[in-house]
Amino acid sequence: CISCNDRDTSFEVCIHCNQILCAFDCSDSWNCTDCKIISCKHCREEDARVVDVMVTFCDNGYCEPYCSKCRLSSCRNGDNDCNDCKSMLFDTLAEECNEKEARIDSLLEECVPARRNGEIQVNHVHFRIPPITIRIKDTAGETLVTIERTTKMETLFQVFATKKNLDVGALHFTLRGETIDPIATAASLDLVDMIEIEAAW
């Protein structure tokens, strides 16, 4: 090689102009640390020849040379922690983040449960919401009642009163110390399976 006087080195070609270059990292050729493509000095100095895969150094004197694609990939996946490399790609990385955030927001909107008739809708597909079992605790023990999530609490109260042979009007039901609204549903109260409510009379 004329530049590095290495007689034993192999040779490659510039990715842009196909000029034969020393495969060793000498002054005339820069090798990408990851993909090993080579850019010649002439192509690096010609602004018109600068393309996505041009091999360059960042401003950090200790960082290895990368082509633009490998630098972006290494910064994106966290393998490259060089702040100067990241600053070179700030606009590109910021745009990718914005696109991903927009995509996530779009998916979240599609996944918002559309509760109706005991179903949720995800990506235009309807799924039946499974029923839940409520544990109703009183002075005599515990009673289990299974209801749909769209069932009103007044129906739950009536089922409990029937099982206990009591007048539903004389009963008082609470959840975490708060009186339960009879027209509320399991879904509106965010009740989970095997949740405990208290009954008194």
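Described below are features of the structure shown in this document. Position numbers for residues count from 1 along each chain, tracking the sequence in the order it is written. Side-chain atom pairs in this predicted model are given and counted only at pLDDT of 80 or more, local residue features only at pLDDT of at least 70, and totals for whole chains, interfaces and linings cover all residues. To get the side-chain values, all heavy atoms of the structure are used, and hydrogens and water are removed first.

**Describing the state of the cysteines**
Structurally, a disulfide amounts to a covalent bond that connects the sulfur atoms of two cysteines. The test is simple: What counts as a disulfide here is a pair of cysteine sulfur atoms lying within 2.5 Å. Each residue's exposure class comes from its accessible area (1.4 Å probe, protein chains only) as a fraction of the maximum for that residue type: buried when under 20%, exposed when over 50%, partly exposed otherwise.
Taken as a whole and assessed by the stated rule, the structure comprises zero disulfides. Considering cysteine sulfurs only, Cys-70 is the nearest to Cys-67, which forms no disulfide, with 3.5 Å between them. Note on Cys-85: no disulfide assigned, nearest cysteine sulfur contributed by Cys-63 at a separation of 3.5 Å. Classification of Cys-85 as buried rests on a relative accessible area of 0%.

**Here we look at the nonpolar core**
Cut-off, in case you're wondering: We call a set of buried residues a nonpolar core when its members are Ala, Val, Leu, Ile, Met, Phe, Trp, Tyr or Cys and they connect through side-chain atoms within 4.5 Å of each other. Numbered from the N terminus, helices here are DSSP runs of H or I no shorter than four residues, and strands are runs of E no shorter than two. Two residues form a contact once any of their heavy atoms are found within 4.5 Å.
Membership of the largest hydrophobic core comes to 19 residues, with the highest contact counts inside it found for Ile-134, Ile-136, Leu-156 and Phe-173. Where this core is concerned, the elements lending two or more residues are β9 (132-138), β10 (141-147), α5 (153-164), β11 (172-175) and β13 (196-200). With five residues, the top contributor of residues to this core is α5. Apart from the residues lying within four places of it in its own chain, the contact partners of Ile-134 are Thr-143, Leu-144, Val-145, Ile-147, Leu-156, Leu-191, Ile-195 and Ile-197. Grouped together as the second largest cluster of nonpolar side chains are 14 residues, Cys-63, Cys-70, Leu-72 and Leu-89 included.

**Side note on α5**
Here is the rule: Every helix has an expected span of 1.5 Å times one less than the residues it contains. Working note: the arc is built from the helix axis to C-beta atom directions.
Under the 1.5 Å per step criterion, the end-to-end length of α5 is 17 Å for 12 residues, consistent within 8% with the ideal 16 Å. Within α5 the residues assigned to the buried category are Met-153, Leu-156, Phe-157, Phe-160 and Ala-161. Projected onto a plane normal to the axis of α5, the buried residues spread over an arc of 135° and lie on a single side. Turned more than 90 degrees away from the buried face of α5, the exposed residues are Thr-162 and Lys-163. Of the surrounding secondary structure, the elements contacted by the buried residues of α5 are β9, β10, β11 and β13. Two residues or fewer past α5, Asn-165 is found with a positive phi of approximately 60°.

**Quick notes on the sheet that holds β10**
Keep this limit in mind: Paired strands, as defined in this entry, are two strands with at least two bridges between them according to DSSP. Axis lines are fitted to C-alpha atoms, over the contacting stretch for helices. Their N-to-C directions set the angle, which ranges from 0 to 180 degrees.
Strand order in this open sheet of five strands is β10-β9-β13-β11-β12, and the pairing throughout is mixed. Lying at the two open borders of the sheet, with one neighbouring strand each, are β10 and β12 (178-179). Note that β11 and β12 share two bridges and pair antiparallel. Note that in β12 the partner of Leu-175 across the bridge is Glu-178. Strands in contact with α5 are β9, β10, β11 and β13; relative to β10, the strand with the most contacts, it is inclined by about 135°.

**A word on the pairing of β11**
In terms of strand pairing, β11 meets β13 through three bridges, oriented antiparallel. When the sheet's bridge partners are listed, His-172 is paired in β13 with Ala-200.

**Overview of the pairing of β13**
Taking every second residue as pointing to the same face, the buried face of β13 carries Ile-197 and Ala-199, while none of Glu-196, Glu-198 and Ala-200 on the other face is buried. With three bridges joining them, β9 and β13 adopt parallel strand pairing. By the bridge assignment for β13, Lys-137 is matched with Glu-198.

**What about the pattern of salt bridges?**
Worth spelling out the cut-off: Whenever Lys or Arg places a side-chain nitrogen within 4 Å of a carboxyl oxygen from Asp or Glu, that contact is recorded as a salt bridge.
The tally for this structure, following the rule as stated, stands at four salt bridges. Of the charged contacts in the structure, one is a salt bridge between Arg-135 and Glu-196, with a shortest N-O distance of 3.2 Å. Taken together, the residues span a long stretch of sequence, with Arg-135 in strand β9 and Glu-196 in strand β13 at a distance of 61 residues. A salt bridge links Lys-164 to Asp-138; its shortest N-O distance comes to 3.4 Å. Residue Lys-164 is located in helix α5, and its partner Asp-138 is located in strand β9; the two are separated by 26 residues in the primary sequence. Connected through shared salt-bridge partners, Arg-135, Glu-142 and Glu-196 make up one network.

**Observations regarding the packing of aromatic side chains**
What counts, and what does not: Aromatic pairing here means that ring centres of Phe, Tyr or Trp (its six-membered ring) are within 6.5 Å. Orientation follows from the plane angle: under 30 degrees is stacked, over 60 is edge-to-face, and everything else is tilted.
This model, assessed by the stated rule, comprises two aromatic pairs. Geometrically, the ring pair formed by Phe-160 and Phe-173 is edge-to-face, given 5.7 Å between the ring centres and 80° between the ring planes. On the criterion of sequence distance, the pair formed by Phe-160 in helix α5 and Phe-173 in strand β11 is long-range, its members being 13 residues apart. For the pair Phe-160 and Phe-173, one class covers both residues: buried. One aromatic cluster is present, built from ring pairs that chain together Phe-157, Phe-160 and Phe-173.

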